[in-house]
Amino acid sequence: MLDKPSIGPHPRDNGLLLDTLGRLECGGSTIVVVERDEETIRGAEHVIDLDPSAGTRGGRIVAQGSAEELMDNPDSPTGRFLARVSGRISPARPAPEDAGDWLVVRGARLNNLNDLTARIPLGRFTCVIGASGSGKSTLVRDVLVASLEGLLPAEQPASGTPRSALKGCKGSIGWRGLTRVLAVDQTPIGKTPRSCPATSVGVWDRIRKLFAATTEARIQGFGPARFSFNTHGGRCPVCEGQGVQRLEMSFLPDVRMPCKTCGGTGFDRETREVRYLGLDIGQVLALPVDEAVERFGAHPAIHHPLTLLQDVGLGYLNLGQSSPTHSGAEAQRIKLVTELAKAYPSLDGNSPRPTLYGLDEPTVGLHMADVKQLVWVLHRLVDARHTVLAIEHDLSLIAETGGDLPTATALRGWLDRGNRSVGMVPSG
């Protein structure tokens, strides 16, 4: 029994893995694999397709059989995607006439990088590809992102590159077209139960102000701070706003259970007596994003970020779901939505700051339907004139960089012919 064995390897290495599994099968073994990889699914003799919806909407089998039988089954979301990618992955986005400015890293020497010079187009979506261990992460994370983090925050001389800020390279050109760099990965967005999607995408402060503006709150003298689970005065004094209590066990892991005093809401009784739209503050946190979008439709500053969460397939999450309970893929999409909400001119008319987003294998753990939603987010960031640089093995995402690119099958053939070095596929 294997849990997503294709995560991490280069597509060619994934083929070696499948050959190994095939030899185990020929030896009389039974192999059960939890997987989202297209090639692995096509190579299986029997596929059990669960509804890709998550949370309370998932958990049911929609189809099973061979990959061909799934493609003929209209109830199988995976089958529909397999049928679609049998030809081209998706229509290529047209390449802009002007390639624009370039970010150039010269003389990168770190780990296995040997005096490498790389050119990344600004304002575009670029994938860095290559076999496992070829230096992709070293180039993007340890050289490019690390150097830009040292260059961008402070005022720099009018010309030249401050050598003290460079990491693992001789020089960098073109970085002055950027004002910010951000590494987006699948690490948790918060370490405490008080962190949740509402706080991460920036709508919670606005919701607290709506509660503070109600008649009941004004009569009681409650301000927005009363509806915060991070300050005293409104949060539950027993669980301190976490909504859960930890029971320490002497010889077993600690047990977390809902707080009996506040019913798991994180707020005291007086605070929960204030209602907005017929709901108390705890009930608002319990709303799924899909329902919250409808209830806050009259408030654009709240409605817009929630709509973005819905667009990337996270409409099933509750506004107050604890961040430590999110999967890595959910955490990454929440981070991207947070950035996407900043990507366009804000309500006060301020323009977004040109940003380079560095992503390390963003498709890890994602179903084909989720990859499609991720691609939508990345293209929206590029449309807002930001730069997206992704380390990736997933051929469907590589093909989405646009321009006159080959099909996934042709890409796989090129990769299989021994092209192990780091390669960059800029859009167009």
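Quick caveat, the model's predicted, so the values are computed rather than measured.

Basis of the calculations
Residues numbered from 1 in each chain as written. Predicted model: local features only at pLDDT ≥ 70, side-chain atom pairs only at ≥ 80, totals over all residues. Heavy atoms only, no water. Core = buried A, V, L, I, M, F, W, Y, C linked by side-chain atoms within 4.5 Å. Buried < 20%, exposed > 50% of the residue type's maximum accessible area, 1.4 Å probe, protein only. Helix = DSSP H or I, 4+ residues; strand = E, 2+ residues; numbered from the N terminus. Contact = heavy atoms within 4.5 Å. pLDDT = per-residue confidence, 0-100. Polar contact = N/O pair within 3.5 Å; in protein donor to acceptor, adjacent residues only side chain to side chain. Pairing = 2+ DSSP bridges. Axes fitted to C-alpha atoms, helices over the stretch in contact; angles between N-to-C directions.

Draft legend 1. Structural detail: the nonpolar core. By size, the foremost hydrophobic cluster in this structure holds 58 residues, and its most contacted members are Trp204, Ile207 and Leu306. With 7 residues, helix H14 (residues 368–383) is the single largest residue contributor to this core. Setting aside residues up to four positions removed in sequence, Ile207 forms contacts with Val284, Phe296, Ile302 and Leu319. Of all hydrophobic cores here, the second largest spans 24 residues; its members include Leu113, Val128, Val145 and Leu166.

Draft legend 2. The environment of Asp101, seen in detail. Turning to its location among the elements, Asp101 is positioned in the loop between helix H4 (77–84) and strand S5 (102–108). Spatially, the C-alpha atoms of Asp101 and Arg124 are 9.8 Å apart, while their sequence positions differ by 23 residues. Apart from residues lying up to four places away in sequence, Asp101 is in contact with Ile120, Pro121 and Leu122.

Draft legend 3. Representation of the confidence of the model for the chain. Per-residue pLDDT for the chain averages 78, and the proportion of residues at 70 or more is 80%. The least confident element of the chain, judged by mean pLDDT, is strand S14 (residues 423–426) at 48; the most confident is helix H7 (residues 204–212) at 93. Every residue in residues 154–161 is under pLDDT 50, and counting partners more than four places away or in other chains gives 15 contacts. Across residues 403–410, confidence stays below pLDDT 50; counting only partners more than four residues off in sequence or on other chains, it has 14 contacts.

Draft legend 4. Summary view of the side chain of Asp360. Assignment of secondary structure puts Asp360 in strand S12 (residues 355–360). A polar side-chain atom of Asp360 sits 2.3 Å from a polar atom in the side chain of Arg141. The residues contacting Asp360, other than those within four sequence positions of it, are Ser137, Arg141, Val184 and Ile391.

Draft legend 5. Layout of the sheet that holds strand S8 (residues 171–173). Strand order in the open sheet formed by 3 strands is S6-S5-S8, with antiparallel pairing between adjacent strands. One side of each edge strand has no neighbouring strand; the edge strands of this open sheet are strand S6 (116–121) and S8. Strand-to-strand twist in this sheet, taken as the mean axis angle between neighbours without regard to direction, amounts to 10 degrees. With 3 bridges connecting them, S5 and S8 associate as antiparallel partners. When the bridges of S8 are listed, Arg106 appears paired with Gly171. In the packing of helix H5 (residues 136–151) onto the sheet, the strands contacted are S5 and S6, and the crossing angle to S5 comes to about 115 degrees.

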